[in-house]
Amino acid sequence: LVLMTSLEKAIWNWMDNYPNEFTELQSVQNDELTRCCENLFDMLDSFAETKKRHQNSPWPLQMMLLVLTPKILEEIYNADTGAPCSAKHLPKQKFIMSVKRALTPHGKAASNEAAAVTCVKLCKAATYINILDSNNVIFSLVQSIISDLKQLLFKADKPFSRGTLFMSQDIDLLIDFFLANFRLNPHNNDTLKVCLNTQSPSLYHHVLVSSLHIIITQRRLQ
């Protein structure tokens, strides 16, 4: 579990510090990196099978591994429309389907929460890609889950929460999603309306102010 957290942080650090390399990776596959990501994905699948109590814990890292292998992600995504999918990628397709299914209101609580975290990271990763690259499969995958994700995270009558122990992380999660949604869909104001509503919980007002502060600070630095 510690290793998974460290590896995911390493991926984000690389994306932050070497954005050009990440951008290049979206169009030019790195065979060695792809092989390593595939092997690690399979190891995490085995971990989830043997450690039922932590079966959803690998999801965020597994999603980031797919972000680093866009050709594989594209094959998996296209398989939903009837395109062929190689047998070795079927576990990855099953993973995507499990995450999507867990986002729905009828999903189990633990899976629901893991899916929310995983999909917010996907949305955040999409903001590292040039918005003009509209054909990128990551954008397509984001659009297929973003509606369910908004309903899960920004319910005015029931704010998303994993309990008091995760309060700080949940606030950061909501901020990350608000920022990602704003950057990917600047003309969509669904989350903004919830945050501006005076009847909404104060948590959403805090998310709005914090997000605006980040946006203004980043623009000043630019």
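Above this text you will find the structure in question.
Here is what the cut-offs are and how they apply
- Residues numbered from 1 in each chain as written.
- Predicted model: local features only at pLDDT ≥ 70, side-chain atom pairs only at ≥ 80, totals over all residues.
- Heavy atoms only, no water.
- Helix = DSSP H or I, 4+ residues; strand = E, 2+ residues; numbered from the N terminus.
- Rg over C-alpha atoms; globule rule 2.2 N^0.38 Å.
- Contact = heavy atoms within 4.5 Å.
- Areas by Shrake-Rupley, 256 points an atom, 1.4 Å probe, with all protein chains shown as cover.
- Lys, Arg positive; Asp, Glu negative; His and termini not counted.
- Charge placed at Lys NZ, Arg CZ, Asp CG, Glu CD.
- Axes fitted to C-alpha atoms, helices over the stretch in contact; angles between N-to-C directions.
- Parallel < 35°, antiparallel > 145°, perpendicular 65-115°, else oblique.
- Left-handed = near helix turned anticlockwise from the far one by under 90°.
- Nonpolar A, V, L, I, M, F, W, Y, C, P; charged D, E, K, R; others polar.
- Core = buried A, V, L, I, M, F, W, Y, C linked by side-chain atoms within 4.5 Å.
- Buried < 20%, exposed > 50% of the residue type's maximum accessible area, 1.4 Å probe, protein only.
- Salt bridge = Lys/Arg side-chain N within 4 Å of Asp/Glu carboxyl O.
- Phe/Tyr/Trp six-rings, centres within 6.5 Å; stacked < 30°, edge-to-face > 60°.
- Expected span 1.5 Å × (residues − 1).
- Arc of directions from axis to C-beta.

Visitor: Please clarify how the overall build of the protein should be interpreted in this entry.
Guide: Helix and strand content of the protein: 11 helices and 0 strands. Element order for the protein, N to C, with α for helix and β for strand: α-α-α-α-α-α-α-α-α-α-α. What you see for the protein is a C-alpha radius of gyration of 17 Å, in line with the 17 Å of a compact globule of 222 residues. Its C-alpha atoms give the protein principal-axis dimensions of about 50 × 40 × 35 Å. At a minimum sequence separation of 6, the contacts of the protein that also span at least 24 residues come to 67%. By element, 55% of the accessible surface of the protein is carried by carbon and sulfur atoms, the whole surface being about 12600 Å². Side chains of the protein give 22 positive and 21 negative charges; the mean places of these two sets differ by 6 Å.

Visitor: What is the right way to read the packing of helix H5 (residues 70-79) against helix H6 (residues 90-103) from this model?
Guide: Between two packed helices, both the angle of their axes relative to each other and the distance between the axes serve to describe the pair. It is at 10 Å that the axes of H5 and H6 come closest, and there the two elements cross at 65°. Judged by the inter-axis angle, H5 sits roughly perpendicular to H6. Taken as a pair, H5 and H6 cross one another with a handedness that is right-handed. Residues Ile72, Leu73, Ile76 and Ala79 of H5 touch H6, and the partners they reach there are Lys92, Gln93 and Ile96. Residues belonging to the contact of H5 with H6 are distributed by class as follows: 5 nonpolar, 1 polar and 1 charged.

Visitor: Which parts of the structure should I look at to understand the nonpolar core?
Guide: Generally speaking, nonpolar side chains in soluble globular proteins are found buried as a group. Ile138, Leu149, Leu153 and Phe154 are the most contacted members of the largest nonpolar core, which has 63 residues in total. Sequence-distant contacts of Leu153, that is, excluding residues within four places in its chain, are made with Ala116, Val120, Phe160, Leu173, Leu174, Phe177 and Tyr204.

Visitor: Would you mind showing me how to read the pattern of salt bridges here?
Guide: Oppositely charged side chains can pair when the atoms bearing their charge come close. Within this structure, the stated rule accounts for 5 salt bridges. A salt bridge links Lys92 to Glu38; its shortest N-O distance comes to 3.5 Å. Highlighted residues: Lys92 in helix H6 and Glu38 in helix H3 (residues 31-50), separated in sequence by 54 residues. Across this residue pair, the class does not change: Lys92 and Glu38 are buried.

Visitor: Could you clarify how one ought to interpret the packing of aromatic side chains in this entry?
Guide: For any pair of aromatic rings, the description consists of the separation of the ring centres together with the inter-plane angle of the planes. Counting across every chain of the model gives 7 aromatic pairs. A centroid spacing of 5.7 Å and a plane angle of 55° characterise the contact between Trp12 and Tyr128, whose relative ring orientation is tilted. With Trp12 in helix H1 (residues 2-17) and Tyr128 in the loop between helix H7 (109-126) and helix H8 (137-153), this pair connects stretches of sequence that are 116 residues apart. A relative accessible area of 10% places Trp12 in the buried class. Ring geometry for Phe41 against Phe95: centres 5.6 Å apart, planes inclined by 85°, an arrangement best described as edge-to-face. Residue Phe41 is located in helix H3, and its partner Phe95 is located in helix H6; the two are separated by 54 residues in the primary sequence. Look at Phe41 and you get buried, because its relative accessible area is 0%.

Visitor: I'm lost on H1 in this one. Help?
Guide: For an α-helix, the turn length of 3.6 residues means that residues three or four places apart are oriented alike. Between its terminal C-alpha atoms H1 stretches 22 Å, which fits the 22 Å expected from 16 residues at 1.5 Å a residue. What H1 keeps buried is the set Met4, Glu8, Ile11, Trp12 and Met15. Taken end-on, H1 shows its buried residues confined to a sector of 95°, consistent with a single buried face. Exposed side chains of H1 directed beyond 90 degrees from the buried face belong to Val2, Leu3, Lys9 and Asn17. Looking at the buried positions of H1, the neighbouring elements they touch are helix H2 (19-25), H3, helix H4 (59-67) and H7.

Visitor: Looking at this structure, how should I read the side chain of Gln93?
Guide: Position of Gln93 relative to the elements: it lies in helix H6. Look past the residues within four positions of Gln93 in its chain and what remains in contact with it is Ile76, Ala79, Asp80 and Cys85.

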